Amino acid sequence: QVQLVESGGGLVQAGGSLRLSCAASGRTYAMGWFRQAPGKEREFVAAIRWSGGSTYYTDSVKGRFTISRDNAKNTVYLQMNSLKPEDTAVYYCNARRGSDWYADLLRDPAKVDYWGQGTQVTVSA
């Protein structure tokens, strides 16, 4: 069992930046972030592979968000710049054991093996 501990959420004005962190208690194949706004389904944001560092983003955050990893700390980061009110959501760190890497898999929350507790990000207009 891998435990994920998130930090870094908060309140920021539109155009501002936040960095989320997710520390894992063990090593998995890939990690990433989903988010869920009130009344909406949980949606994929970004993912990264531990080996090689390949990344994948949903279109709405490309060019604004950057996912990265620190292998020594077993920690993944999500740097969020140029934040918009529509980015407001609870952000969930996640981890996968399997070695497959393709879009439909990465975007499916049902295929995630481990979840963090979630951290609130609120962007005011």
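Here, every reference points to the structure presented above.
Residues numbered from 1 in each chain as written. Predicted model: local features only at pLDDT ≥ 70, side-chain atom pairs only at ≥ 80, totals over all residues. Heavy atoms only, no water.

### Overview of the overall build of the protein chain
So, step 1. Of regular secondary structure, the protein chain possesses one helix and eleven strands.
So, step 2. Its helices and strands in sequence order give the protein chain the pattern β-β-β-β-β-β-β-β-β-α-β-β, from N to C terminus.
So, step 3. The C-alpha atoms of the protein chain give a radius of gyration of 13 Å, which matches the 14 Å a tight globule of 125 residues would have.
So, step 4. Going through the 125 residues of the protein chain one by one, you find that 45% of them count as buried.
So, step 5. Here the analysis covers contacts within the protein chain between residues at least 6 apart in sequence; of these, 58% occur between residues at least 24 apart.
So, step 6. Per element, the accessible surface of the protein chain, about 6,300 Å² overall, is 45% carbon and sulfur.
So, step 7. Where the 15 positive side-chain charges of the protein chain centre and where its 11 negative ones centre are 5 Å apart. (Helix = DSSP H or I, 4+ residues; strand = E, 2+ residues; numbered from the N terminus. Rg over C-alpha atoms; globule rule 2.2 N^0.38 Å. Buried < 20%, exposed > 50% of the residue type's maximum accessible area, 1.4 Å probe, protein only. Contact = heavy atoms within 4.5 Å. Areas by Shrake-Rupley, 256 points an atom, 1.4 Å probe, with all protein chains shown as cover. Lys, Arg positive; Asp, Glu negative; His and termini not counted. Charge placed at Lys NZ, Arg CZ, Asp CG, Glu CD.)

### A few points about the pattern of salt bridges
Where charged atoms of side chains with opposite charge meet at close range, the side chains can pair.
So, step 1. This model, assessed by the stated rule, comprises six salt bridges.
So, step 2. Asp-113 is paired through a salt bridge with Arg-97; the nearest N and O atoms lie 3.6 Å apart. Pair noted here: Asp-113 is in the loop between helix H1 (103-106) and strand E10 (114-115) and Arg-97 is in the loop between strand E9 (89-96) and H1, with a separation of 16 residues, a long-range link.
So, step 3. The class for Arg-97 is exposed, based on a relative accessible area of 54%. (Salt bridge = Lys/Arg side-chain N within 4 Å of Asp/Glu carboxyl O.)

### Observations regarding the nonpolar core
So, step 1. Residues Leu-4, Met-31, Trp-33, Leu-78, Met-80 and Tyr-91 are the most contacted members of the largest nonpolar core, which totals 29 residues.
So, step 2. Secondary-structure elements contributing two or more residues to this core are strand E3 (18-24), strand E4 (30-36), strand E5 (43-49), strand E7 (65-70), strand E8 (75-80), E9 and strand E11 (119-124).
So, step 3. Residues within four places of Leu-4 in sequence aside, it is in contact with Cys-22, Ala-23, Ala-24, Met-31, Cys-93, Asn-94, Ala-95, Tyr-114, Trp-115, Gly-116 and Gln-117.
So, step 4. Phe-34, Phe-44, Ala-47 and Val-112 belong to the second largest nonpolar core, which has five residues in total. (Core = buried A, V, L, I, M, F, W, Y, C linked by side-chain atoms within 4.5 Å.)

### Let's talk about the environment of Glu-41
So, step 1. Relative to the elements of secondary structure, Glu-41 occurs in the loop between E4 and E5.
So, step 2. Residue classification places Glu-41 among the exposed positions, given a relative accessible area of 71%.
So, step 3. Put simply, Glu-41 and Pro-109 are 68 residues apart on the chain and 9.9 Å apart in space, counted from C-alpha to C-alpha.
So, step 4. Those residues within four positions of Glu-41 in sequence are excluded, and the remaining contacts are Arg-35 and Gln-36.

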